[in-house]
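Structural characterization, general
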Number of protein chains: 6
Amino acid sequence: MARYGAQFGPDITFLGVAPCDWANPETYADADVMILGAPFDGGTTNRPGTRFGPQYIRQSCYLTPNGSRPSLALRVDALRDLKVYDAGDVMMYSGDAERSVRDLQHAVYTVTAAGAIPLILGGDHTIAWPDHTGVARQHGFGKVSMIHFDAHADTGDIHLGSLVGHGTPMRRLIESGALRGDRFLQLGLRGYWPDEEVFAWQAERGITSFFMHDVRDLGIREVTTRALAHVGEGPVYVTVDVDVLDPAFAPGTGTPEPGGMTSLDLLWAVREIAATVELVGADVVEVLPTAIGSADITALVAERVVREILTGLAFRTSPARTATA
Amino acid sequence: MARYGAQFGPDITFLGVAPCDWANPETYADADVMILGAPFDGGTTNRPGTRFGPQYIRQSCYLTPNGSRPSLALRVDALRDLKVYDAGDVMMYSGDAERSVRDLQHAVYTVTAAGAIPLILGGDHTIAWPDHTGVARQHGFGKVSMIHFDAHADTGDIHLGSLVGHGTPMRRLIESGALRGDRFLQLGLRGYWPDEEVFAWQAERGITSFFMHDVRDLGIREVTTRALAHVGEGPVYVTVDVDVLDPAFAPGTGTPEPGGMTSLDLLWAVREIAATVELVGADVVEVLPTAIGSADITALVAERVVREILTGLAFRTSPARTATA
Amino acid sequence: MARYGAQFGPDITFLGVAPCDWANPETYADADVMILGAPFDGGTTNRPGTRFGPQYIRQSCYLTPNGSRPSLALRVDALRDLKVYDAGDVMMYSGDAERSVRDLQHAVYTVTAAGAIPLILGGDHTIAWPDHTGVARQHGFGKVSMIHFDAHADTGDIHLGSLVGHGTPMRRLIESGALRGDRFLQLGLRGYWPDEEVFAWQAERGITSFFMHDVRDLGIREVTTRALAHVGEGPVYVTVDVDVLDPAFAPGTGTPEPGGMTSLDLLWAVREIAATVELVGADVVEVLPTAIGSADITALVAERVVREILTGLAFRTSPARTATA
Amino acid sequence: MARYGAQFGPDITFLGVAPCDWANPETYADADVMILGAPFDGGTTNRPGTRFGPQYIRQSCYLTPNGSRPSLALRVDALRDLKVYDAGDVMMYSGDAERSVRDLQHAVYTVTAAGAIPLILGGDHTIAWPDHTGVARQHGFGKVSMIHFDAHADTGDIHLGSLVGHGTPMRRLIESGALRGDRFLQLGLRGYWPDEEVFAWQAERGITSFFMHDVRDLGIREVTTRALAHVGEGPVYVTVDVDVLDPAFAPGTGTPEPGGMTSLDLLWAVREIAATVELVGADVVEVLPTAIGSADITALVAERVVREILTGLAFRTSPARTATA
Amino acid sequence: MARYGAQFGPDITFLGVAPCDWANPETYADADVMILGAPFDGGTTNRPGTRFGPQYIRQSCYLTPNGSRPSLALRVDALRDLKVYDAGDVMMYSGDAERSVRDLQHAVYTVTAAGAIPLILGGDHTIAWPDHTGVARQHGFGKVSMIHFDAHADTGDIHLGSLVGHGTPMRRLIESGALRGDRFLQLGLRGYWPDEEVFAWQAERGITSFFMHDVRDLGIREVTTRALAHVGEGPVYVTVDVDVLDPAFAPGTGTPEPGGMTSLDLLWAVREIAATVELVGADVVEVLPTAIGSADITALVAERVVREILTGLAFRTSPARTATA
Amino acid sequence: MARYGAQFGPDITFLGVAPCDWANPETYADADVMILGAPFDGGTTNRPGTRFGPQYIRQSCYLTPNGSRPSLALRVDALRDLKVYDAGDVMMYSGDAERSVRDLQHAVYTVTAAGAIPLILGGDHTIAWPDHTGVARQHGFGKVSMIHFDAHADTGDIHLGSLVGHGTPMRRLIESGALRGDRFLQLGLRGYWPDEEVFAWQAERGITSFFMHDVRDLGIREVTTRALAHVGEGPVYVTVDVDVLDPAFAPGTGTPEPGGMTSLDLLWAVREIAATVELVGADVVEVLPTAIGSADITALVAERVVREILTGLAFRTSPARTATA
């Protein structure tokens with residue numbers, strides 16, 4: 001039996017949705033969306049602790065976990081309009097990155113093959129490799145575009161002697177063919193990493209990046225419109241590193257980078273994307289919580305990221321669909 | 001004698017203004033404005049602690065409490081240009097919400113009847129019910145408009161088996177007739193509460209709401225202009241829940257909601273409103289401080305909200321009045 | 001249906017024991033012990049937040065919640081040797097102390113009448129009144145002795161205009177006849193409260209107190225021996241206010257008093273008492289946690305208090321019983 | 001006028017005792033004891049912040065500041081049995097240690113000359129120099145013994161190019177003749193400072209030291225008895241650096257040293273000494289608070305140190321005096 | 001030998017650049033830029049602790065300190081393109097402001113005279129007086145313009161009886177002739193200090209100020225353009241008080257003022273200025289860190305301020321120079 | 001070149017001792033003692049972060065890192081009397097426990113073979129396996145006794161599917177023959193882990209354990225005497241898990257267990273052991289610091305543990321050796 005419940009912390013589900021077992025697709029045959037926890041922080045180069053991300057994200061809401069969250073903005077209730085399950089955490093030992101990555105990929109593939117859209121709660125950004133790959137195994141290598149919210153490009157090659165880690169997942173995805181460079185769009189980059197050589201590598205692969213100065217100068221609406229135009233038709237995977245936010249909005253993360261996005265912009269952008277594209281998977285990563293419940297603003301905003309993605313998804317197929325707010 | 005001093009923490013006044021006794025109007029016969037503490041958190045559904053709001057707001061300023069604060073922007077000194085008193089805290093036992101609400105309403109009415117504008121330091125948002133009602137008893141039920149800064153609508157009906165609490169005050173005000181729905185304007189709403197049914201109830205009463213996406217898309221100047229146009233002539237009460245701010249700007253609150261306002265926008269808006277309307281009362285609520293003095297940014301910004309309201313009030317009657325900055 | 005789950009935080013049970021519904025005794029017909037949460041902090045005179053006590057105590061252990069905890073010292077496994085259930089939290093609104101106290105008393109009585117020993121997780125010390133009374137309704141008013149670990153006597157009369165609060169429960173118990181003064185033993189008192197008048201009242205009722213200077217001078221073994229001799233035969237209720245510990249060992253509490261007990265002494269003493277007397281109920285109160293899981297040392301030690309009581313209980317009826325360590 | 005109120009934080013008095021002006025002895029002609037704040041941290045070699053010591057110590061108690069604190073242990077109420085005033089803070093600019101030290105010495109001398117016993121709230125340990133000197137100017141240079149609770153000897157010579165600082169006050173006192181080496185007793189020393197040379201200097205002056213290993217091996221009662229025997233007859237000044245406590249009991253201090261005293265032992269010892277000797281002054285220093293009120297355990301225990309000294313003083317002249325507990 | 005290393009914390013250099021000794025110009029004969037620590041907080045009127053600013057800023061980056069930081073935005077690597085040294089901290093005793101200021105001025109002058117541009121890490125804002133003066137001694141009194149990012153004007157006259165402190169440095173600079181009023185531009189002012197009299201003094205000297213409402217209404221690009229136009233040709237000194245940022249972005253500072261700038265705007269503005277003017281020196285002050293490394297967002301953004309200034313400097317002389325992003 | 005400096009945080013040495021390169025024994029040919037950092041937390045089952053242990057321990061002292069620390073108690077200066085080097089951290093990737101353990105074992109063996117006593121700064125307790133093994137490879141498998149301070153036995157078999165982790169190192173040591181069961185002494189055990197089966201396994205191997213109740217009842221002197229008698233003659237390795245301390249004394253650790261040792265007892269015990277036995281290596285593990293420098297009491301006491309071991313070592317060969325204090 002693969003259902004493990006929560007690896008760290010109590011065995012509860014996201015906002016009270018029904019539990020299931022990812023290894024037994026019959027337990028979620030009617031699922032539209034599957035929440036999966038990936039409590040792994042063995043790939044972190046600085047402060048660890050994102051293993052507690054899934055636990056804290058699941059506990060961050062101050063309302064009753066009743067399986068209902070009506071959106072004020074879009075007037076849909078994704079948890080009711082969609083069939084959402086939570087399979088608990090994939091068991092991942094942070095001291096063995098290779099095994100953990102392999103097991104997570106298997107889980108994501110299983111869920112996707114069963115017809116559900118996986119929404120994965122990290123964990124550090126290492127998991128984007130198995131997350132996207134697991135989805136691509138079902139939808140086709142090179143077929144699934146990626147929109148990547150992050151302060152960092154995450155296209156490093158080797159770190160601390162390993163190919164597996166939170167600075168390298170996008171390199172692995174491109175190299176393996178799971179992701180095509182021209183279908184990979186980065187949004188929110190800033191700062192001083194990676195170096196020229198890596199950027200040259202990115203350019204060769206046709207990777208497109210929007211920087212924070214683009215967001216400031218063009219506004220989030222225009223940047224999102226351009227991003228959507230860039231990825232075009234076909235299945236899309238969204239990966240959100242909370243450090244795309246300014247540290248003021250997401251202090252609980254391991255490699256914060258000043259000069260980032262506001263929560264107001266990010267929450268709108270992920271919802272808009274989910275309401276527009278053919279979303280086949282998403283993850284929210286690098287949440288390093290330091291308090292529980294509503295006292296921690298990073299897990300709180302990460303939970304809202306998940307919720308806005310769900311809301312966008314629900315809105316996309318809503319009969320009452322109108323122009324997004 | 002009703003003067004109690006501070007219920008929690010030391011007996012000091014707001015920025016060093018003169019103390020008085022709210023139950024003895026002769027002790028503040030010449031008052032323009034009265035500061036009242038309402039250290040009640042018995043109506044809180046999540047983290048409590050706002051009982052320390054009045055104490056922390058009074059202690060948050062890093063300058064000497066000398067009864068003078070000249071505004072750089074408007075070049076008035078409200079604490080000198082106006083006659084401001086601080087009556088200390090109304091004694092409120094958080095374990096008895098009904099008695100506490102009754103006693104606070106009596107205090108607010110007494111102050112208002114004596115000709116002073118009450119500025120109440122919460123406490124949780126439960127107090128908006130007795131605050132506005134106390135003012136309306138003097139100015140007339142249905143006569144006092146309300147501008148409500150908040151992430152949440154606060155128009156729930158019953159919570160935890162009680163009519164009295166921090167999610168229901170606006171429902172009580174509308175139901176009692178103290179506040180007319182078409183004179184009630186909400187600003188800063190976002191997120192996932194309340195549900196469709198409550199919103200339908202709001203629509204029936206003619207309540208108008210500006211969402212955070214309106215603030216992002218229109219700008220705070222335009223939203224404020226529209227809000228002022230909506231409430232029109234006549235007395236206005238302003239209630240500011242600090243969770244209208246993004247948690248980055250006000251982490252010290254019990255039910256924070258990501259995607260909120262900036263301090264820069266809020267401080268300008270409350271000052272602009274106070275400089276424009278016939279202000280008859282105001283409160284600042286849901287400050288749940290975790291540090292003292294300038295180390296706590298939530299009580300700090302709440303104190304500045306009070307100060308900007310005072311500055312707007314002073315500017316409105318200032319001989320040197322010009323267009324606000 | 002009375003089972004509410006957790007009022008604050010996720011619906012989980014203490015260390016993974018089976019859930020049940022306190023209002024339906026058939027759901028726990030074979031119970032030896034019942035865990036009940038009492039998330040009430042409306043009676044607090046200083047910092048609130050003990051409403052989160054039950055949630056944090058349930059989440060404090062760093063091991064898997066597998067319903068097993070073998071004691072290294074006594075070589076019993078209370079969670080297996082005894083039949084322990086967790087009925088979740090009694091729903092208590094902190095803004096209505098009277099109703100909350102009434103409802104808790106009913107729940108404690110129901111559980112006791114069904115043959116289980118209630119172990120109640122507070123909440124503030126207000127709950128000792130309904131806790132002991134609920135037990136005494138079954139075992140007889142005046143029949144149930146109380147051993148009270150605390151820095152404070154909690155025999156005040158009225159506070160903030162109310163008879164119900166965390167400084168007065170022992171007065172209510174004595175006055176109602178639920179508890180006889182000569183069967184009430186206090187352990188760990190120190191400091192400067194209550195005053196001479198209250199102590200005179202205590203002396204009249206024949207209440208016995210051991211001070212912290214007794215613990216220092218006699219040692220915890222001797223003090224415990226004397227306490228046990230004092231309460232003598234018959235049913236005993238134990239109430240543990242975590243502020244009996246020095247603030248170094250339990251910083252997360254609302255009215256900490258320096259000069260207190262060590263965790264090593266307290267954990268041994270409660271286990272020794274549970275292993276010796278006819279225990280009919282217990283509570284652990286005034287846990288005001290500020291972090292989750294093992295990062296919070298106050299909920300952690302409170303959870304260990306519960307566990308040591310359970311271990312003592314299990315040892316008392318263990319076939320392998322030998323002299324306690 | 002010398003009364004300044006509180007230099008940092010609100011103008012309140014210690015536990016609600018009457019305010020006065022130290023420079024006008026007629027405002028406290030009947031004083032037995034005078035509280036003085038010395039909010040100076042310019043002499044600190046590591047973390048600063050003790051300037052907030054007086055403010056936080058005055059606000060640390062969770063009970064009403066009503067000028068009464070009946071001791072459970074000794075059954076005296078020092079704040080009523082003695083005439084205690086609080087003169088607020090001596091104004092001290094941390095950027096000018098020499099001027100600040102001079103002004104404080106003048107204040108302490110003035111108070112002492114007027115017949116009151118000064119209890120000074122630090123501030124860093126720099127203040128022990130002016131504190132003891134101010135007292136010695138009245139009682140005679142070389143006449144006032146000192147009992148010094150500390151992890152460190154504080155007999156360094158020069159630090160950061162200055163004779164004035166928190167590592168050197170005892171050297172200054174000995175050199176100036178204010179304090180005689182053979183009347184100087186240190187209690188609680190441990191660790192690795194100062195070096196052999198300074199210890200040789202101490203030995204030459206006849207200074208006696210009890211180490212923490214003495215406290216562990218002999219017990220606090222025996223060590224205190226020996227200390228009292230050592231200082232013998234005549235006036236005694238007590239200086240308590242909170243870092244004499246283990247960091248577990250007093251984490252809020254700038255140079256914490258593991259392996260220290262418990263609060264239970266320290267509180268008893270200072271009370272015992274105050275109840276026994278001819279106390280002519282005392283200070284409590286190096287409180288570097290990080291939270292307000294009862295949430296900060298270091299200011300809390302420091303406040304209790306002051307209170308136990310007061311209780312000992314009251315007990316010494318109490319008609320009901322019996323052997324101390 | 002003047003090299004002292006770090007006065008507080010470990011002896012390390014900024015991002016791994018080469019160490020040198022400021023008093024021996026031959027150790028940095030080829031320097032373009034010199035990092036100097038000024039760990040002084042004796043001039044602080046509220047919370048101290050900025051003495052740890054240099055240590056924490058040097059340790060805040062989560063990447064390896066390898067002496068390389070390629071800018072994503074401008075594609076220069078300032079640490080390689082420029083010759084940057086770190087001379088460690090100037091030894092400054094916070095208890096002697098006058099001596100400390102004198103010694104710092106001497107160090108800044110020495111470095112400037114040797115041809116390097118000093119970038120000084122504060123410390124409180126007191127240091128702006130010796131910083132600018134040290135530079136002006138080389139470039140000419142009245143010749144060096146100043147762009148001043150701050151919430152406060154810092155043109156007070158006397159504080160706590162001293163001319164030297166963190167509220168007065170700009171007054172000292174104007175009075176001494178080091179800085180001409182018409183070459184002094186303030187950016188980011190807001191709030192309630194200083195008063196009308198000081199502002200009148202500022203007006204007489206021809207000082208120009210941009211307020212936060214200007215930044216909101218005009219945007220940071222336009223405000224920066226106007227600021228650059230105002231200071232015109234010739235050498236420019238930039239001083240950045242981190243409290244120009246909103247407390248959400250820089251909570252770790254002693255006198256935070258709500259309603260401030262975002263990190264995104266500040267980082268761009270300082271880089272733009274450094275890329276445009278003839279920069280002859282800069283400082284970053286009032287960083288009061290409370291955590292180490294990337295867990296502290298204030299030291300983190302302060303470090304990025306330094307880095308963006310370096311990047312602007314490098315870009316200005318870069319062969320690849322193009323329009324700034 | 002194997003010298004890596006510090007993997008996390010700045011490249012500094014323990015208290016300012018000389019740096020060296022562990023892979024080049026000629027760089028420390030005269031070494032008595034070698035400090036090695038093992039910044040690995042991939043084996044942690046609960047909160048991670050001990051990778052920062054070496055960095056924080058090296059920075060915790062508030063005195064100048066001048067390579068001298070004269071012991072007040074024993075009057076030796078270990079850093080001068082012994083030749084101590086710091087080789088920085090062994091590079092360990094937490095995402096690959098097996099490789100990290102192998103590399104650390106190699107480093108420890110290299111240092112030991114070169115004649116130095118390794119003192120290793122953890123890191124989680126996983127490292128005890130390579131630490132002791134590396135020493136045993138030089139001194140002989142089965143020849144090196146171990147004294148183990150811990151709340152937990154750490155003799156689990158498999159955790160999270162891996163043989164390598166912080167709950168299993170002692171099992172690995174016994175199984176491999178590096179450590180003989182009858183030469184393995186545990187001190188400080190308490191609580192509820194491991195279970196009966198593991199304890200049976202321990203009994204079969206002849207492992208001896210002292211519990212915290214032994215320390216309370218016998219005193220630390222007697223327990224230490226018995227422990228020394230048990231291990232007898234021959235080389236001894238000491239491993240100190242800081243969670244042997246009560247959480248009050250060491251809150252910064254991942255699996256804290258209430259009811260533990262005091263710092264005063266632990267510091268004496270490790271010094272006494274080092275002064276008595278033939279010490280061939282030691283480690284201090286499970287320090288999970290949350291603040292830097294003297295603000296963190298856990299790294300602080302861990303650093304003092306290292307220092308007391310060094311002091312004991314120095315005393316053992318000191319000409320002035322007398323009975324330990």
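Residues numbered from 1 in each chain as written. Chains lettered and ligands numbered in written order. Predicted model: local features only at pLDDT ≥ 70, side-chain atom pairs only at ≥ 80, totals over all residues. Heavy atoms only, no water.

**Points about the relation of the copies chain D and chain E**
Here chain D sits on chain E after a turn of 180° about the axis and a move of 0.0 Å along it, with an RMSD of 0.0 Å. Here the copies are linked by what is in effect a two-fold axis. When the interface residues of chain D are mapped onto chain E, 100% of them again lie at the interface, so the same face is used by both copies. (Least-squares fit on C-alpha atoms with pLDDT ≥ 70 in both. Contact = heavy atoms within 4.5 Å.)

**What about the side chain of F:Thr44?**
Within the element layout of this structure, F:Thr44 appears in the loop between β2 (33-38) and α1 (53-59). For F:Thr44, a relative accessible area of 2% corresponds to the buried category. Engagement of the side chain of F:Thr44 in a polar contact is seen with the side chain of F:Asp124, the distance being 3.1 Å. Among all residues touching F:Thr44, those that are not within four sequence positions of it are A:Arg51, F:Asp124 and F:His166. (Helix = DSSP H or I, 4+ residues; strand = E, 2+ residues; numbered from the N terminus. Buried < 20%, exposed > 50% of the residue type's maximum accessible area, 1.4 Å probe, protein only. Polar contact = N/O pair within 3.5 Å; in protein donor to acceptor, adjacent residues only side chain to side chain.)

**Brief notes about the interface of chain F and chain A**
The interface is formed by 27 residues belonging to chain F together with 27 residues belonging to chain A. Summing both sides of the interface, chain F and chain A together bury roughly 1,700 Å²; the carbon and sulfur share of this comes to 55%. Where chain F packs against chain A, one counts zero salt bridges. Classifying every residue of the side of chain F that touches chain A gives nine nonpolar, 13 polar and five charged. (Buried area = accessible area lost by both parts, 1.4 Å probe. Salt bridge = Lys/Arg side-chain N within 4 Å of Asp/Glu carboxyl O. Nonpolar A, V, L, I, M, F, W, Y, C, P; charged D, E, K, R; others polar.)

**What to know about helix α5 (residues 169-176) of chain F**
Turn by turn, an α-helix covers 3.6 residues, leaving residues three or four places apart pointing in a common direction. Of all eight residues that make up α5(F), six are buried, and the element is covered over most of its length. The set of residues buried in α5(F) consists of F:Pro169, F:Met170, F:Arg171, F:Arg172, F:Leu173 and F:Ile174.

**Digging into the interface of chain D and chain E**
With 27 residues of chain D in contact, the opposing surface of chain E contributes 27 residues. Between the two partners, chain D and chain E, sit zero salt bridges. Across the contact surface, chain D and chain E share 15 residue pairs in polar contact (both at pLDDT 80 or more). When the residues that make up the side of chain D that touches chain E are grouped by side-chain class, the tally is nine nonpolar, 13 polar and five charged.

**So, the environment of E:Pro256**
Turning to its location among the elements, E:Pro256 is positioned in the loop between β8 (235-241) and α9 (263-276). Between the C-alpha atom of E:Pro256 and that of E:Glu278, which follows or precedes it by 22 residues, the distance is 30 Å. Beyond its immediate sequence surroundings of up to four residues, E:Pro256 is in contact with B:Tyr62, B:Ser294, B:Leu300, B:Arg304, E:Arg47 and E:Pro247.

**Digging into the pairing of strand β7 (residues 208-211) of chain A**
Pairing of strand β6 (residues 184-189) of chain A with β7(A) involves four bridges; the strand directions are parallel. The residue of β7(A) that forms the bridge with A:Leu187 is A:Phe210. (Pairing = 2+ DSSP bridges.)

**What about the pattern of salt bridges?**
Scanning the entire structure with this criterion turns up 96 salt bridges over all chains. For B:Arg172, the salt bridge identified is with B:Glu175, shortest N-O distance 3.3 Å. Residue B:Arg172 and its partner B:Glu175 are both found in helix α5 (residues 169-176); the two are separated by three residues, about one turn of the helix. By relative accessible area, B:Glu175 is classed as partly exposed at 49%. Between E:Arg51 and E:Asp41 there is a salt bridge, with its nearest N and O atoms 3.0 Å apart.

**A short note on the confidence of the model for chain A**
Per-chain confidence: chain A averages 94 in pLDDT, with 97% of residues scoring 70 or above. Complex prediction metrics read pTM 0.96 and ipTM 0.94. (pLDDT = per-residue confidence, 0-100.)

**Concerning the arrangement of the chains**
Taking C-alpha atoms only, the smallest gap left between chain C and chain E, which are not in contact, amounts to 17 Å. In this view chain B stays clear of chain F, with the nearest C-alpha atoms of the two still 17 Å from each other.

**Topic: the relation of the copies chain F and chain A**
Between chain F and chain A, the superposition needs a rotation of 180° and an axial shift of 0.0 Å, giving an RMSD of 0.0 Å. Same-surface contact between copies: 100% of interface residues of chain F are shared with the interface of chain A.

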